[in-house]
Amino acid sequence: MTAESLLSVQGLSASYGAVRALDGVSLDIPERGLCAVLGANGAGKTTLLRTLTGLHRASAGKVLFAGEDITRLPTEKVITRGLAHVPEGGGVIVELTVEENLRLGALWRSDRRDRTTFDEVMDLFPPLVERRNKTASTLSGGERQMLAIGRALMARPKALLLDEPSLGLAPLVTKQIFTLLRDLRDRTGLTVVLVEQNAAGALSVTDHGYVLNQGSVAAEGPSDGLLADDRTRHAYLGF
Ligand code: ATP
């Protein structure tokens, strides 16, 4: 682990029965880092996020967060340590209002009735303010993704892990969401890990990237370097 890394993943492996989905993955994400995790379908990206947040059990390796070994912590404890996860599709509850969805994000906080975080999160997402009392079913795809991010922020995390926030969104909306993540990092100092199949878009907004292939890290480096690396782009990123 480097001195300044907030999230350090060391030789992490995970399986589904006989299928080895992660095979000795190591990553180091610094505080305030904005980092992309890329790779084709089935490369292990979702399994990585699920294993980091205790939703899937590691078979080997270690996850250190802010210096603490969280490898075997249950998910609610991982959240209270400051690691929040926005799952693929966002996972908002469409029958609940925008405000109710946001408040669910504070469930594990002892001070969940505190208004400050709610007001701060609303400030970050102006489109949600006027929809506050509308059900999430009335939101566009981009607004639902904002709501999912806002809900994760209600836990007051140090780091946010996002699983393919661009899925199903138009290119312009994807760009807005990626820009929003960078602004969020710049304004609040949040550390962001962005899992994406949209490699070109993700690399254009992040500082650093990791490329997974068949459960292992096949390439890593500064995002602009990966963007300029024809061999990596052609072999693993499909553009
Ligand atoms: P995608 O972009 O399609 O979501 P991914 O990079 O997120 O892909 P994972 O979903 O982590 O990849 O899958 C990694 C490997 O684990 C694949 O071989 C996949 O088939 C397998 N896998 C994932 N979930 C399960 C499961 N519930 N049961 C069995 N195998 C699984």
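Scroll up to find the structure.
Please read these numbers as outputs of a predicted model, since none were measured by experiment.

Trainee: Please explain the overall build of the chain as it appears in this structure.
Mentor: Within the chain, the secondary structure is distributed over 10 helices and 10 strands. Its C-alpha atoms give the chain a radius of gyration of 17 Å, within 12% of the compact-globule value 18 Å for 239 residues. Its C-alpha atoms put the chain at 50 × 35 × 35 Å along the principal axes. Long-range contacts, defined here as pairs at least 24 residues apart, represent 66% of the contacts in the chain between residues at least 6 apart. Across the chain, the centroid of the 27 positively charged side chains sits 4 Å from that of the 28 negatively charged ones.

Trainee: Can you help me understand the site of the ligand in this one?
Mentor: Close to the ligand lie 13 residues; Asn41, Gly42, Lys45, Thr46 and Thr47 are nearest. Separating an oxygen atom of the ligand from a side-chain N or O atom of Asn41 is a distance of 2.7 Å. Within the side chain of Thr47, an N or O atom sits 2.5 Å from an oxygen atom of the ligand. When the ligand sits alone it has 630 Å² of accessible area, and the protein chains cover 60% of it. Sort the elements by how many residues they give to the shell around the ligand and helix H1 (residues 45–52) lands first, with 3 residues.

Trainee: Before we go on, may I ask you to explain the pattern of salt bridges in this structure?
Mentor: For the coordinates displayed, the defined rule picks out 9 salt bridges. Here Glu99 and Arg103 are joined by a salt bridge, their closest N and O atoms 3.0 Å apart. Of the two residues, Glu99 and Arg103 are both situated in helix H3 (residues 98–104); the distance of 4 residues between them amounts to about one turn of the helix. Residue Glu99 is classed as buried on the basis of its relative accessible area of 15%. Here Asp207 ties to Arg185 by a salt bridge, and the two come within 2.9 Å at their closest N and O atoms. In this pair, Asp207 is assigned in the loop between helix H8 (199–205) and strand E9 (208–213) and Arg185 in helix H7 (residues 171–188), connecting sequence segments 22 residues apart. Each of Glu99, Arg103 and Arg132 takes part in a single network of salt bridges with overlapping partners.

Conventions adopted
Sequence order sets the numbering: in each chain, residues are counted from 1 along the sequence as written. Two thresholds apply to this predicted model, a pLDDT of at least 70 for residue-level local features and 80 or more for giving and counting side-chain atom pairs, whereas whole-chain, interface and lining totals are computed over all residues. Only hydrogens and water are set aside when side-chain values are computed; all heavy atoms of the structure are taken into account. The numbering of helices and of strands both runs from the N terminus, where a helix is a DSSP run of H or I of at least 4 residues and a strand a run of E of at least 2. With C-alpha atoms as the basis for the radius of gyration, the globule rule is written as 2.2 Å multiplied by the number of residues raised to the power 0.38. Whether two residues touch is decided by their heavy atoms; if any such pair falls within 4.5 Å, the residues are in contact. The convention is simple: Lys and Arg are positive, Asp and Glu are negative, and His and the chain ends are not counted. For charged residues, the charge sits on one atom: NZ in Lys, CZ in Arg, CG in Asp, CD in Glu. Throughout, near means a residue has at least one heavy atom within 4 Å of the molecule or strand. Distance and chemistry together define a polar contact, namely a pair of N or O atoms within 3.5 Å, with one atom able to donate a hydrogen and the other to accept it when in protein, and with adjacent residues in sequence counting only for side-chain atoms on both sides. Here the Shrake-Rupley method, with its probe set to 1.4 Å, supplies the accessible areas, and only the displayed protein chains count as covering residues. The salt bridge definition used is simple: a Lys or Arg side-chain nitrogen within 4 Å of an Asp or Glu carboxyl oxygen. Throughout, exposure labels follow a simple rule: accessible area from a 1.4 Å probe, protein chains only, divided by the maximum for the residue type, with under 20% read as buried, over 50% as exposed, and the rest as partly exposed.

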